[in-house]
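# Commentary on secondary and tertiary structure
So you can see what is in the structure, the chains are spelled out below.
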Amino acid sequence: MTVRSRFAPSPTGYLHIGGARTALFSWLYARRYGGKFILRIEDTDLERSTPEAVQAILEGMNWLGLNYDEGPFYQTNRFARYQEVAEELVRAGKAYRCYCSKERLEKLREEQLANKQKPKYDGRCRELTEIQTGPSVIRFKNPTQGEVAFEDLVCGRIVVNNAELDDLILVRSDDSPTYNFCVVVDDIDMKITHVIRGTDHINNTPRQINLFNALVAKTPHYIHVPMILGEDGKKLSKRHGSVSVMQYRDEGFLPQAVLNYLVRLGWSHGDQEIFGLAEMIELFDAKNISKSAATFNLSKLLWINQHYLKTLPIEELLKQLSYHIHQQKLDISRGPDFAKVVNVLKDRVKTLSELVSSSRCFYENIVLGGEAAQKNLKPGAIEALTRIKTGFERITDWNEESLHNVLTATAEILDLKMGKVAQPVRIAVTGSLASPPLGITLELIGKERVLQRLEQALLYCQAAAQEV
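Residues numbered from 1 in each chain as written. Predicted model: local features only at pLDDT ≥ 70, side-chain atom pairs only at ≥ 80, totals over all residues. Heavy atoms only, no water.

Read from one edge of the open sheet, three strands run E4-E5-E8, paired in antiparallel fashion. In this open sheet, the two edge strands, each paired with only one partner strand, are strand E4 (95–98) and strand E8 (169–171). Each neighbouring strand pair of the sheet contributes to a mean axis angle of 40°, computed without reference to strand direction. By the bridge criterion, two bridges tie strand E5 (residues 137–140) to E8 in an arrangement that is antiparallel. When the sheet's bridge partners are listed, Ile 138 is paired in E8 with Val 171. (Pairing = 2+ DSSP bridges. Helix = DSSP H or I, 4+ residues; strand = E, 2+ residues; numbered from the N terminus. Axes fitted to C-alpha atoms, helices over the stretch in contact; angles between N-to-C directions.)

Once that is clear, we can look at the packing of helix H11 (residues 314–327) against helix H12 (residues 338–345). Between H11 and H12, the shortest axis-to-axis distance is 11 Å and the interhelical angle comes to 100°. When the axes of H11 and H12 are compared, the pair comes out roughly perpendicular. For the pair H11 and H12, the contacting residues are Ile 314, Leu 317, Leu 318, Leu 321 and Ile 325 in the first and Phe 338, Ala 339, Val 342 and Asn 343 in the second. Partitioning the contact of H11 with H12 into residue classes produces eight nonpolar, one polar and no charged. (Parallel < 35°, antiparallel > 145°, perpendicular 65-115°, else oblique. Contact = heavy atoms within 4.5 Å. Nonpolar A, V, L, I, M, F, W, Y, C, P; charged D, E, K, R; others polar.)

Our focus in this paragraph is unusual backbone geometry. In this structure, Pro 72 follows Gly 71 across a cis peptide bond, with omega equal to 5°. Relative to the helices and strands, Pro 72 is located in strand E3 (residues 70–74). A positive phi is found at Val 216, a non-glycine position, where the angle reads about 50°. Within the secondary structure, Val 216 is located in the loop between helix H6 (204–214) and strand E10 (221–225).

On to the state of the cysteines, then. Inspection of the entire model under this criterion finds zero disulfides. Here Cys 125 stays free of any disulfide, with the sulfur of Cys 100 as its closest cysteine sulfur at 3.7 Å. For Cys 361, which is in no disulfide, the shortest distance to another cysteine sulfur is to Cys 461 and amounts to 19 Å. Looking at Cys 361, the relative accessible area reads 11%, which means it is buried. (Disulfide = S-S within 2.5 Å. Buried < 20%, exposed > 50% of the residue type's maximum accessible area, 1.4 Å probe, protein only.)

Moving on, we come to the pairing of E5. Here E5 shows a buried face lined by Val 137 and Arg 139 and a second buried face lined by Ile 138 and Phe 140. Sheet topology note: the E4/E5 ladder contains four bridges and is antiparallel. For Cys 98, the partnering residue across the bridge sits in E5 and is Val 137.

With that settled, the discussion passes to the packing of aromatic side chains. This structure, assessed with the given rule, holds eleven aromatic pairs. Taken together, the aromatic side chains of Phe 25, Trp 267, Phe 275 and Phe 284 make up a single cluster linked through ring pairs. In this structure, Arg 32 is placed above the aromatic ring of Tyr 33, and the distance from its NZ or CZ to the ring centre is 5.0 Å. One Lys or Arg, Arg 139, reaches over the ring of Tyr 121 and ends 3.8 Å from the middle of that ring. (Phe/Tyr/Trp six-rings, centres within 6.5 Å; stacked < 30°, edge-to-face > 60°. Lys NZ or Arg CZ within 6 Å of the ring centre and 35° of its normal.)

Let's shift gears to the side chain of Gln 306. Here Gln 306 is to be found in helix H10 (residues 298–311). Aside from chain neighbours lying at most four places away, what touches Gln 306 is Asp 347, Val 349 and Lys 350.

The analysis is restricted to geometry; functional conclusions fall outside its scope.
Structural data, given as structure tokens:
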């Protein structure tokens, strides 16, 4: 049997963390067993589905690298097929036309609730033999006896009595098909063997299995994965970080880090935390999916992102950084080789966007000001800055070692601790209290810019002296 899994999002919003994890698990399962991964857009909710949401899903899948073998298939392009199958079921006596009005159905529901009964259709039109007039829907003739049983690869054996199930609507009065019906027809036509989705779909599964049986089709294997909760134990929402996957890109997360984090949300391989993509494919097994809800933790995602910043090849980092360079409008054409800047910064930041922000001092002029400059660029720093500037001017081989020698010599001459010399220089050339080691920072910024900034710092100190 060739494994065929699918990811079938509804385009009523962005691709969020929960959807991305379902897509990843489905993708990994297909790749693990040499199968096919299908993308299906379930856009039958005509009022809420939007082209923008479809594009957001496609962009998210592309950014994460979850390439699909077939699709995307759109349910709105298959309405004729759904109608055809519904009519076949009617002719076979497995479905029927229901003419009950909305008013009757609402009254029935109210009565059932008042009697503490589970609301369900009472089957009034189930055995009609004559064609009626007026609007109608097509309902599935759900079995009234026996039970539906299936073995979920995560949740175990699940059994539901048919008496608890409703004669669900297959086609509405406006001829639009319903979710549960479309899913079954699609899974049959697309030869889906494994359905991986959230536990919120478990209630749909018995209904869908009965439809598979009515259509004399093989039922897929089901893998229902637990929900993702916020750290407060509540359903994941925007306040927990349940935002568009593309927002994580915008905030500077690497797709490798997001995938690594997602695979550990409800799946494990011992205590291992870091997984490359090839390793995920090799190790992924449904039996290691947890039955318990996973907890989303932004700090953990940042930790994993920082790991990949430190360990990915520089070529891959540069590829991912190009988006953030453009977004932050940083011109890296006038300054040091950006790869060298990345190498000295990547161990000091947690995100790509932070890395680009931290690299500005290597390419743009700085404006001195704020608390850091006020505390460090005082009149007392003039002598040290003057000596250092003079020493730097004499350097013919501008490199980390020669720059460091000038700094240490100045500290010795003035009988100062290195920090008292280095910190004013760091503020002068970067505008910040923190930077990579000062020698390599000065080397990369370049002689001309460093001397200009030291002159600017001396003017700042002199202005401060005049105010005293």
